[in-house]
Amino acid sequence: MATHDKRYVIIGNGIAGTTAAETLRKLDPNCSIHLITNEPYPLYNRVSLPRFLQGVLPEQKVMIRDFAWHEQRRICLLTETLVTEVNTDERVVVTESGQHFPYDALLIASGGWAKPLQVPGAAGTKHIYNFVTLDDTKTIIARILESRTALAYGGSFISYELCDGFAMRKLETTWLMRGPYWLRNCLDPEGGEIVDAIARRFGVNVIHGDEISEVVARDGVPAYVKTKQGREIQADIIGVGLGITLNTSFLKGTPIEVRTGVVVNEYLETNVPHVYAAGDVAEFYDPTIGRHHTMGTWDNALAHGRIAGINMAGGHEPYVDVPTYTSPLFDVNIAVIGTAESNNPELESVSLREPGEKGHENYRKLFLRDNKLVGAVMIGSPKGRKKLVELIRNQQVLASPAEREAVLTLK
Ligand SMILES: Cc1cc2nc3c(=O)[nH]c(=O)nc-3n(C[C@H](O)[C@H](O)[C@H](O)COP(=O)(O)OP(=O)(O)OC[C@H]3O[C@@H](n4cnc5c(N)ncnc54)[C@H](O)[C@@H]3O)c2cc1C
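In this text the structure is predicted, and so the values were computed from the model without any measurement.

(A) Inspection of the nonpolar core at higher detail. In terms of nonpolar packing, the biggest core is built from 50 residues, with Val-93, Leu-106, Leu-107 and Ile-108 touching the most fellow members. Leaving out residues up to four positions away in the same chain, Leu-107 has contacts with Val-9, Ile-10, Ile-11, Gly-17, Ala-20, Tyr-276, Ala-277, Ala-278, Ala-308 and Met-312.

(B) Structural view of the pairing of strand β5 (residues 92–95). Side chains of β5 alternate between two faces, with Val-92 and Val-94 and Val-93 and Thr-95 buried alike. Where strand β4 (residues 83–87) lies against β5, 4 bridges are found, and the strand directions are antiparallel. Along β5, the bridge assignment pairs Val-86 with Val-93. Following β4, the chain reverses through 4 residues before pairing antiparallel with β5; Arg-91 in that reversal takes a positive phi of roughly 55°. As paired strands, β5 and strand β6 (residues 100–102) are joined by 3 bridges and run antiparallel to one another. Bridged to Val-94 within β6 is His-100. The turn linking β5 back onto β6 is made up of 4 residues, and Gly-98 within it adopts a positive phi angle of 90°.

(C) Fine view of the sheet that holds strand β1 (residues 7–11). Across the sheet, which stays open at both edges, the 5 strands sit in the order β3-β2-β1-β7-β19 with parallel pairing between neighbours. What marks the edges here is a single partner per strand, and that holds for β3 (75–78) and β19 (275–277). Pairs of neighbouring strands in the sheet enclose a mean axial angle of 15°, with direction left out of account. Where β1 and strand β2 (residues 32–36) come together, 5 bridges link them in parallel fashion. In the sheet register, Tyr-8 faces β2, and the bridge partner there is Ile-33.

(D) Quick peek at the UniProt feature "domain: FAD/NAD(P)-binding" (unreviewed entry) in the chain. Per the UniProt record, "domain: FAD/NAD(P)-binding" (unreviewed entry) is found at residues 7–305. With 23% helix and 29% strand, residues 7–305 has its two end C-alpha atoms placed 17 Å apart.

(E) The arrangement of the site of the ligand in detail. Contacts to the ligand come from 33 residues, most closely from Asn-38, Glu-39, Arg-46, Val-83 and Asp-280. Within the contact set of the ligand, an oxygen atom lies 3.4 Å away from a backbone nitrogen or oxygen of Gly-296. Contact with the protein chains hides 95% of the accessible area of the ligand, taken as 1,000 Å² for the molecule alone. Counting only elements with at least two residues in the shell around the ligand, the list comes to α1 (15–27), α7 (298–312) and β22 (324–329).

(F) Local environment of helix α9 (residues 401–408). Looking at α9, one finds that the buried residues are Arg-404, Val-407 and Leu-408. For α9, the angular spread of buried residues about the axis comes to 105°, placing them on one side. Next to the buried residues of α9 lie β24 (348–355), β25 (361–369), β26 (372–380) and α8 (385–393).

(G) Region of the structure containing the domain arrangement of the chain. What the domain assignment reports for the chain is domain 1 (7–111 + 247–312), domain 2 (115–242) and domain 3 (324–408). With centres defined by C-alpha atoms, the gap from domain 1 to domain 2 works out at 30 Å. Taken together, the 14 residues of domain 1 in the interface contact 16 residues of domain 2. One can count 1 salt bridge joining domain 1 with domain 2.

(H) Representation of the side chain of Arg-364. Of note, Arg-364 is situated in strand β25. Salt bridges are absent for the buried Arg-364, whose nearest opposite-charge side chain, Glu-354, sits at 6.6 Å. Here Arg-364 is in contact with Val-350, Ser-351, Leu-352, Val-377, Met-378, Lys-383, Leu-388, Val-407, Leu-408, Thr-409 and Leu-410, once residues within four sequence places are set aside.

(I) Representation of the sheet that holds strand β20 (residues 282–286) within the structure. The mixed open sheet is built from 3 strands, whose spatial order is β18-β20-β21. Edge positions in the open sheet fall to β18 (262–264) and β21 (291–293), since each of these has one partner strand only. Ignoring strand direction, the axes of neighbouring strands in this sheet form an average angle of 25°. Examined bridge by bridge, β18 and β20 share 3 bridges and lie parallel to one another. If you follow Val-262 over to β20, its bridge partner there is Ala-282.

The rules we used
- Residues numbered from 1 in each chain as written.
- Predicted model: local features only at pLDDT ≥ 70, side-chain atom pairs only at ≥ 80, totals over all residues.
- Heavy atoms only, no water.
- Core = buried A, V, L, I, M, F, W, Y, C linked by side-chain atoms within 4.5 Å.
- Buried < 20%, exposed > 50% of the residue type's maximum accessible area, 1.4 Å probe, protein only.
- Contact = heavy atoms within 4.5 Å.
- Helix = DSSP H or I, 4+ residues; strand = E, 2+ residues; numbered from the N terminus.
- Pairing = 2+ DSSP bridges.
- Axes fitted to C-alpha atoms, helices over the stretch in contact; angles between N-to-C directions.
- UniProt positions renumbered as here; feature names shortened; annotations may be inferred.
- Near = heavy atom within 4 Å.
- Polar contact = N/O pair within 3.5 Å; in protein donor to acceptor, adjacent residues only side chain to side chain.
- Areas by Shrake-Rupley, 256 points an atom, 1.4 Å probe, with all protein chains shown as cover.
- Arc of directions from axis to C-beta.
- Domains from an automatic or database assignment.
- Salt bridge = Lys/Arg side-chain N within 4 Å of Asp/Glu carboxyl O.
- Lys, Arg positive; Asp, Glu negative; His and termini not counted.

So this is what it looks like as structure tokens:
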């Protein structure tokens, strides 16, 4: 048993890590807290980065915390500090520069980093960007200001955000994705068609079923890309949204179980005592669906951070929630609620497409397991979203077509 004040170490100062640090300080006034990040900033709002990219939000509004906030709470924030190793026998975290941080409890809240574009011509060519950090965003904006044409690549949320940013900044924008429609894990061809129509209204050239085979550069900057289907697409800037790889490499050689992410139970505990994981990087047990999964949403990471803080300080609170991803989609909204997986054979789905306000279309898709409502996607009007979340939380039984119709048209 530790006789000294408790020592907490947190890897990652995103919303999960910073919320955990704040919670720990509230629950344990005497403990020491080291919050470690490789980034140069205190907590900022990743969800606000797209609006910063579009030019509708200034940089100051992206920041959530400053250094003084940490000092006031005696949270020792170490920026530009990369964790390279964890030793669970010695209970110590090691950084790239050889610093050692002993812990009584450790939180892994390291999120994920974007997958780079790996095709001939990409390596060594400038102005090919991922879009995850504040620094990514600043660099992209600088390049946008000297560009005329842009390519957003991929079928992920991030690729859409890039596409939106390029189009809003009046670049001639192409959106290229390998799949038959955007967000193919959640949507279906009809939902995809609606998203395409929205993007095209903003002048975007949307191309499906094709992929980049080569980046052709001139003087080290992209001139155009060649595609597998034989297209040549001009692009002064290429934004890449091919998904993320969760940051677990520093756990190599430890007994901590890692699958896609760091495996934790509903209390966010790993298989190794005193080690927890939270946020995007956590592959957590979700009692509402009876299995583990990862969830890349702000609300989930925030709630995880709070629960992890409570449990690290000696509490025993499970994480049970309906994860919800909401985002603007050009000039409409999208919400992905609960388990919305088009490719999951255990789920049944029903959808409705109807005219919405101001010439838009509304699209709603429900996901059911054994007639119980477990997830939904909404594009267009957000009306009825809160009620829908409640129904999903309660796993409402919707057996008859009339019951399903009522929820599809819920306002
Ligand atoms: C552009 C963009 C738009 C988004 N829009 C939405 C949205 O509209 N709605 C929504 O719900 N979600 C959105 N998300 C997702 C949401 O931002 C994330 O789910 C959330 O921020 C995850 O928080 P986190 O604390 O788990 O991890 P992160 O915020 O990723 O924080 C992890 C931190 O740990 C650091 N780190 C990693 N490895 C190490 C290491 N070895 N040593 C030190 N530090 C390390 C990372 O650099 C990072 O700073 C968006 C994400 C992006 C990138």
